[in-house]
Amino acid sequence: MKREALALSLSWQPQPTSSSLQGAKRRGNPCGFHWGETIFVCVVREIPISRCYAPPSLPKGGNMNAPWLLSQARRFLQRAAAWPAPDRPDVHLHAIRRRFRFLLLTAMTSLAPICAAAVPKIAPRPVPEALLAALQQRFGAGFSTALAVRAQHGRDESAFTTVPPPAAVVFAENTGDVQDAVRLCAGHRVPVIAYGAGSSLEGHLLAVRGGISLDVSRMNQILDIHAQDLTITVQPGVTRKQVNDALRDQGLFFPIDPGADATIGGMVATRASGTNAVRYGTMRENVLALKLVAASGELIRTGTRARKSSAGYDLTRLFVGSEGTLGVLTEITLRLYPLPEAVSAAICTFPSIAAAVHTVIQTIQLGVPIARVEFIDAQTVAKLARHARLALRPEHMLLMEFHGSPASVREQAETVQALARDRGGNDFEWADTPEERTRLWAARHNALLIAIQSRPGCRSISTDACVPISRLADCLLDSVAEADASGLPYFLVGHVGDGNFHFGYLIDPDSQQERATAEALNRKLVERALSMDGTCSGEHGVGLHKIPFLPQETGPGAIAMMRAIKQALDPHDIFNPGKVFE
């Protein structure tokens, strides 16, 4: 009787339900690996040797190293077919399954299809010539279909490089321009994507559904400063530096500092925060009122300049963080703060990441009102020191800033210094002059660009997560261990005072293996944060990149509620479609 041989079947299937997984197990599946929205299934079973066949090729988006695994699989099976039949076939089969499990696990990052979030669904809607003609007639020189202009408005700081640019760009200079542009596009069911500085990191402004880019950067006027009420009203194209320049002689400042000189409209849309959030909060706490254009073209007002209100639904908070999916902002009223009497910045280096992070945790738990506390890992410190010519030790570092009266600043610093010494931290190195502080913070804010320059030609897959402060050390240390083990270069910084940290994985944009590895690291980091009752994004927003994680964080009921809000306010899905959720 002809002896049976063992053959291998490889397939890529949509992410399965539990019932389909059980069915795979009944069919002899020893291992199935989730990867993005795909399950990589290896099935080993006994079939006649004459029926052995080559496994199917990878689907679109798969890795070019897959042929290596397939050739290894064929060679292994050929050797297995020549083995003497063992007394216990089940043991023989178990050994083969174990061998293939090893092959798949060791080669997973180079063989698996890229996470679905890394390949956004691009489905542009048609833009009628009649609409383009109407926009040209209405806006004249403020309308462009030039490829260079469209390309500029079709990219951001994310790693997405294959999304086509918008069909045209409209430059709005006032609220009336925004209303007219929205009405014209709504009449043709054409998407409208608000554009500010183009500094988003998660693909927020990319035209995955086509449409028109509505550039509001020319709406850059400061409309009112009410110094006695500590409020300012601006147009959406005003940048945060422009706000603070206007407030310099008022003894006031606006504290939200995400690093890039982003527009206020973009900061509202992504619910930005940044280095000062540990003391002053995020955009959620610092936006008092909005004016915005709805899908009908109507101008809507939410909130007032009063510090609190119990009147009606809190629509202001609904639009803060909506990522341009519910309307286009035209005016924003912000909360201001008095400039502190004394400001001091200090650097403290540590022998380990754990020591630095636990120092921060204790600082927050003791209620020290520190204004800024940033963690920078040793390799990123070395990059910053070389680029900015700073005399920094290449060690894990906390960059801190204290605000208040001279006495309170001194008291805060002494408390944190004592905590740092208990963890093996070095004595503080002080930056007391504005010039010294500016150099330090400029280097920190430019960490992304400096890291990219450290590997010429690379792109950064940037991600962030935020966890309860008590879980920060565990989440951060596990994520660092995974990044180190991957072999990918990366940079690491964090607004660790509020449990928020950022990784940037520096990849060769032409290497699908590196892209898949970075996406795997991102997925593990986010899922770890979610398992610790954290969030998939502390400040970058969802955009395109974090879409798969939002349902895991909020649950299907919350997603359904968000969809209902979107449908009610934007029934034809014209505002930045394809973002936040599919």
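Residues numbered from 1 in each chain as written. Predicted model: local features only at pLDDT ≥ 70, side-chain atom pairs only at ≥ 80, totals over all residues. Heavy atoms only, no water.

### Brief notes about the confidence of the model for the protein chain
Here's step 1: Summary statistics for the protein chain give a mean pLDDT of 83 and a share of 80% for residues scoring 70 or more.
Here's step 2: Considering only residues more than four positions removed or in separate chains, one finds that residues 1-70, a stretch of pLDDT under 50, has 149 contacts.
Here's step 3: In this model residues 81-114 is a low-confidence stretch, pLDDT under 50, and it forms 67 contacts with partners more than four residues away in sequence or in other chains. (pLDDT = per-residue confidence, 0-100. Contact = heavy atoms within 4.5 Å.)

### Concerning the packing of helix 5 (residues 129-139) against helix 7 (residues 175-187)
Here's step 1: In contact at an axis separation of 10 Å, helix 5 and helix 7 are set at 165° when each is read in the N-to-C sense. Judged by the inter-axis angle, helix 5 sits roughly antiparallel to helix 7. Crossing of helix 5 against helix 7: the hand is right-handed. Only Gly176, Asp177, Asp180, Ala181, Leu184 and Cys185 of helix 7 make contact with helix 5, whose side of the interface consists of Leu131, Ala134, Leu135, Arg138 and Phe139.
Here's step 2: When its residues are assigned to classes, the contact of helix 5 with helix 7 shows 7 nonpolar, 1 polar and 3 charged. (Axes fitted to C-alpha atoms, helices over the stretch in contact; angles between N-to-C directions. Helix = DSSP H or I, 4+ residues; strand = E, 2+ residues; numbered from the N terminus. Parallel < 35°, antiparallel > 145°, perpendicular 65-115°, else oblique. Left-handed = near helix turned anticlockwise from the far one by under 90°. Nonpolar A, V, L, I, M, F, W, Y, C, P; charged D, E, K, R; others polar.)

### A short note on the pairing of strand 15 (residues 342-350)
Remark: a regular strand shows side chains that alternate across the two faces of the sheet.
Here's step 1: Counting buried residues in strand 15 gives 8 out of 9 residues, a clear majority hidden from the surface.
Here's step 2: Of the strand pairs in this sheet, strand 15 and strand 17 (residues 396-404) are connected by 9 bridges, and their pairing is antiparallel. Looking at the pairing, Phe350 lines up with His396 of strand 17.
Here's step 3: Pairing of strand 15 with strand 18 (residues 429-431), which is carried by 3 bridges, proceeds in the antiparallel orientation. Directly across from Ala345, in strand 18, lies its bridge partner Ala431. (Buried < 20%, exposed > 50% of the residue type's maximum accessible area, 1.4 Å probe, protein only. Pairing = 2+ DSSP bridges.)

### A closer look at the side chain of Thr302
Here's step 1: Within the secondary structure layout, Thr302 lies in strand 12 (residues 299-303).
Here's step 2: A distance of 2.8 Å separates the side chain of Thr302 from the side chain of Thr316, its partner in a polar contact.
Here's step 3: Apart from the residues lying within four places of it in its own chain, the contact partners of Thr302 are Leu288, Ala289, Leu290, Leu292, Leu315 and Thr316. (Polar contact = N/O pair within 3.5 Å; in protein donor to acceptor, adjacent residues only side chain to side chain.)

### Here's the deal with the sheet that holds strand 21 (residues 500-507)
Here's step 1: With respect to topology, 7 strands assemble into an open sheet ordered 18-15-17-16-20-21-19, the strand pairing being antiparallel. Either end of the sheet is taken by a strand with one partner, and the two such strands are strand 18 and strand 19 (459-466). Each neighbouring strand pair of the sheet contributes to a mean axis angle of 20°, computed without reference to strand direction.
Here's step 2: Bridge analysis of strand 20 (residues 490-495) against strand 21 gives 6 bridges, and the strand direction is antiparallel. Paired with Leu492 across the two strands is Phe503, which belongs to strand 21.

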